[in-house]
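Architecture at a glance
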Amino acid sequence: MFKKPEPKCEGCESPCFQDNLLLKAISAEVRERIYPHLKLTELPLGDVLYESGDVMESVYFPTNSIVSMLYVMEDGRSAEISVVGNEGIVGIALFMGGLSTPSRAIVQSAGQAYRLDSKHLKAEFSRHGELHHLLLRYTQALITQMAQTAACNRHHSIDQQLCRWLLLSMDRLKGDQLDMTQELIANMLGVRREGVTEAASKLQSAGIIQYQRGHIRVLDRPELERRCCECYAVVKKESDRLFEAFSYLPEGGSFHS
């Protein structure tokens, strides 16, 4: 059994590599090769991990943080194309051979992540073994999320988009609360702030969420799911399907738990 001491960040008493489901899924043999190179890193809200076109030098495995992938237009406007939390990895271009990406990676919810330098990830990925297979499955799930997000932003109302965004965010956090201003949500969705304000007010009036000074608490998740378009369910179903073979899935086989 793998018994090396678990890495800790400065001031952190509780090691938490298992809080990232990809790291939790790999075997002790694979973990032993990459474990000494994992570095627990603080991710402050709004921190930019990659800018569009940057050459990536490392990847991140979020534990209790959420990173938003944004596509930025020439005039500065942006829209979210995917979110990554404790289920995944930030920086797929590095092991897919692109080395850079046209999107920006920005911390949507502050927390921590394990950082792994590119050379160590590439060395393990090039073995064409367990981690290689796992990361390809995750990449397919992420592509599904990106495609569904594009369709949702084109065909569904702001109310439905907000419900989808909240559900995806809640899946990647422990608890039912999220710190996020309406202005930031509007930037993520690529819509006007007034539209998000109106949509959030409807959910609050219905008793589904509680919103105050940038703090969002989900009070009625079943109703939030009912009001959402089919996009959330499509993404969740595909993620569950792609990862059902791995041992970290909780009872019931749900990827987002």
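Residues numbered from 1 in each chain as written. Predicted model: local features only at pLDDT ≥ 70, side-chain atom pairs only at ≥ 80, totals over all residues. Heavy atoms only, no water.

What follows deals with the nonpolar core. L49, F61, I89 and V90 are the most contacted members of the largest nonpolar core, which has 41 residues in total. The greatest single-element share of this core, amounting to six residues, is contributed by helix α5 (residues 130-155). Discounting residues that sit within four places of it in the chain, I89 has contacts with L22, V59, Y60, F61, P62, V84, F95, L135 and Y138. Counting residues in each nonpolar core, the second largest holds 34 residues, with L173, M188, L189 and A200 among its members. (Core = buried A, V, L, I, M, F, W, Y, C linked by side-chain atoms within 4.5 Å. Buried < 20%, exposed > 50% of the residue type's maximum accessible area, 1.4 Å probe, protein only. Helix = DSSP H or I, 4+ residues; strand = E, 2+ residues; numbered from the N terminus. Contact = heavy atoms within 4.5 Å.)

What follows is about the environment of V90. Mapped onto the secondary structure, V90 falls in the loop between β5 (78-84) and α3 (92-96). Separated by 41 residues in sequence, V90 and L49 have C-alpha atoms that sit 8.9 Å apart. The residues touching V90, leaving out its near neighbours within four places in the chain, are L49, Y50, V59, Y60, P62, V67, M69, V84 and A105.

Turning next to the sheet that holds β5. Strand-to-strand pairing in sheets goes through backbone hydrogen bonds, with the strands running parallel or antiparallel. Taken together, the four strands give an open sheet; going across it, the order is β2-β6-β4-β5, and neighbouring strands pair in antiparallel fashion. If you trace the sheet from one side to the other, it starts and ends with β2 (48-50) and β5, each paired once. In this sheet, adjacent strand axes meet at a mean angle of 35° when their direction is disregarded. Where strand β4 (residues 66-72) lies against β5, six bridges are found, and the strand directions are antiparallel. (Pairing = 2+ DSSP bridges. Axes fitted to C-alpha atoms, helices over the stretch in contact; angles between N-to-C directions.)

We now examine the confidence of the model for the protein chain. For the protein chain, the mean per-residue pLDDT works out to 85, and 89% of the residues sit at or above 70. With pLDDT under 50 throughout, residues 1-15 is counted as low confidence; its partners more than four residues away or in other chains account for 24 contacts. Counting contacts from residues 248-257, a segment whose pLDDT is below 50, to residues more than four positions away or on other chains yields 24 contacts. (pLDDT = per-residue confidence, 0-100.)

Let's shift gears to helix α4 (residues 118-125). Here α4 has its buried residues at S118, L121, E124 and F125. Within α4, the buried residues cover an arc of 140° as seen down the axis, which keeps them to one side. Next to the buried residues of α4 lie α2 (28-34), β3 (58-62), α3, β7 (111-117) and α5. (Arc of directions from axis to C-beta.)

Now for unusual backbone geometry. The phi dihedral of H128 falls on the positive side, at around 55°, and the residue is not glycine. With respect to the helices, strands and loops of the structure, H128 is situated in the loop between α4 and α5. A positive phi is found at R213, a non-glycine position, where the angle reads about 50°. On the secondary structure map, R213 appears in the loop between β9 (209-212) and β10 (215-218).

Following both chains from N to C, one finds α5 and helix α6 (residues 158-171) inclined at 155°, their axes separated by 10 Å at the closest point. As summarised for this structure, α5 and α6 are arranged roughly antiparallel, according to the angle between their axes. Here the hand of the crossing between α5 and α6 comes out left-handed. Contact with α5, carried on its side by Q145, T149, C152 and N153, involves Q161, R164 and L168 of α6 and no other residues of that element. Class assignment for the residues of the contact of α5 with α6 results in two nonpolar, four polar and one charged. (Parallel < 35°, antiparallel > 145°, perpendicular 65-115°, else oblique. Left-handed = near helix turned anticlockwise from the far one by under 90°. Nonpolar A, V, L, I, M, F, W, Y, C, P; charged D, E, K, R; others polar.)

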